[in-house]
Structure formats: structure tokens, C-alpha cells
Amino acid sequence: MSIIINIDVMLARRKVRSKEMAEAIGLTEANLSILKTGKAKAIRLATLEAICRYLDCQPGDLLEYKKDG
Amino acid sequence: MNKIQSYSHVFKIFSLLALIILPLALILYWINPLGWEGNIGLAISSLLFNTTFVPQVMNPQNWQVSTRILALLIDLIPIGFMMGIAYALMQLFKCYEKGLVFEVINAHYIKLVGILMLVKAIIVPTLYQALITLVLSWHNPPGQRYFYLTISMSDIVIAIIVIMISWIMKEAAQIKSEQDYTV
């Protein structure tokens, strides 16, 4: 997948634990793990909005496009 | 979901029984087709699985031991297919019993059932019927030997429908996988 989710980076910048954020935005830890490990096939706008609001960032801070190869 | 799981448990056991009973009934029948063993074997196969080991026009009086052994081996063709179908169904119902419904592995088992049904629908009325009638009437007087050849379009159509269902189930499994990985 050439879309990379930099959620770990943002969590580290904001000094927030992933469990804390999951609880705050109502995301299960299993789903957050899917996001962090890059297994996610799609992300709902509502989820993206909740993460952005909590981490006070833009979607572009979380998502990055890298060309394959 | 509970309903699917409880029914699947019953069908899984039935498939397992078919896997064990079918070859036993076949052997039992060919030990002595005219004796009680034959009657039990035939009763089990015809009542439970709607199948017989010999065409009805055959006369069991003139079957020698060598003929019976050869017929048993030929009977392994349809029974083998039925056992294969029973095995695939057992695996499928095992998945359903665990609550795994829209999975790629289930689509694989449904496809296996369809393919076995299709090959059986082609081979049994042609190759098997021809062989079994030929072998069992081999010792008949000249002019009374049989050579049967039939074809059942309905079985072929049902098998193709089952294969198509497997494709649909595969698509459903892919949609479910996408849903599972949508956060």
C-alpha cells in the first residue's frame, strides 16, 4: 500500500499514548492497531476527523503518499 | 447466528457419518449382494444417501467373486465422489459452526463441492454406468449383456449453480474483509 498512516509519529509528537487516544475518540484498540500496522483498507472520514481533533492536526499530517518501488 | 451454528453442527455430523458409512455400506453390499449384508448395505445407501451400487436391471444370481470385486472397485468411482463431497461439506459446516460465514475458505469448499458434483454428474452416468453394467452382465448369455450410457442435465445444471454460488461467496468474503479493515 503506498498510503502510509503516520499515526505513531503524531502520537509521539503530542506525547499521547495510543490507548488514551483510542478511549477518548471511541476507537477500539484492535482498530487502532489495524491503523498503526498499515493493514487498514479504508478509513472513515468520521474516524479521521476524531483523530485530527484529538491530536490537533491536519489529515495531511497523518496520511502520506509514497510512490511504489 | 446461533441458528446457523446449531444447524451446522448437525450437518457436520451427518457429513462425517456419510464419510464413514458410505464405504462401509459399499463393502457390506459386495460381501454378499443376496444376503443380509447386501440388504443392509443397500438399505443404508438407498435410504440415507439415495444411491444404489448396481443398476436395477441387473440380475445378482450370476455374479462370481471376481465380478463382485471388480464391481466394488468400479463402485468406488461414485462413492469416492460422494465421500469427497461429504468431506468438503464437513469442512464447510465446521467453519459455519465456528461462526466463520463470509470467509474465502468457505467459498473454496463450496467450489470444491460444485466441482465434485459436476465431475460426478458427467462421469457417473457415462463412464461408471457403462463399466458397471458391462462388468455385471459380462457372464450373461450372448444377447443379454448390457451397456448403459446416460446423461443427467439437471445434475450438471445444479453443479454449475453451486460453482456460481461459490464465486458469489468469494465476492462476499472480499467485501467482508474490506469492511473488517475499514476503521
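Refer to the structure printed above.
Residues numbered from 1 in each chain as written. Chains lettered and ligands numbered in written order. Predicted model: local features only at pLDDT ≥ 70, side-chain atom pairs only at ≥ 80, totals over all residues. Heavy atoms only, no water.

J.: Describe the interface of chain B and chain A, naming the residues involved and giving the relevant values.
T.: With six residues of chain B at the interface, the matching set in chain A holds eleven residues. In total, about 750 Å² of surface goes out of reach between chain B and chain A, with carbon and sulfur atoms giving 61% of it. Of all residues in chain B, B:Tyr181, B:Thr182 and B:Val183 bury the most surface against chain A, accounting for 83% of the area lost on that side. In this assembly, chain B and chain A are joined by zero salt bridges. Its residues assigned to classes, the side of chain B that touches chain A comprises two nonpolar, two polar and two charged. (Contact = heavy atoms within 4.5 Å. Buried area = accessible area lost by both parts, 1.4 Å probe. Salt bridge = Lys/Arg side-chain N within 4 Å of Asp/Glu carboxyl O. Nonpolar A, V, L, I, M, F, W, Y, C, P; charged D, E, K, R; others polar.)

J.: I'd like a description of helix α1 (residues 7–14) of chain A, backed by residues and values.
T.: All names here are of chain A. What α1 keeps buried is the set Ile7, Met10 and Leu11. Down the axis of α1, the smallest arc covering the buried residues is 100 degrees, so these residues share one side. Exposed and facing more than 90 degrees away from the buried side of α1 are Ala12 and Arg13. Close packing links the buried residues of α1 with β1 (3–5), α2 (18–25), α3 (29–36), α4 (45–55) and α5 (59–62). Following α1 by one or two positions, Lys15 has its phi on the positive side, about 55 degrees. (Buried < 20%, exposed > 50% of the residue type's maximum accessible area, 1.4 Å probe, protein only. Helix = DSSP H or I, 4+ residues; strand = E, 2+ residues; numbered from the N terminus. Arc of directions from axis to C-beta.)

J.: I'd love a proper account of unusual backbone geometry, names of residues and values included.
T.: All names here are of chain A. The phi angle at Lys15 is positive, at roughly 55 degrees, despite the residue not being glycine. Here Lys15 is to be found in the loop between α1 and α2. In this structure Lys15 comes out as exposed when scored by relative accessible area, which is 76%. Despite not being glycine, Asp56 has its phi angle at roughly 50 degrees, a positive value. By the secondary structure assignment, Asp56 is in the loop between α4 and α5.

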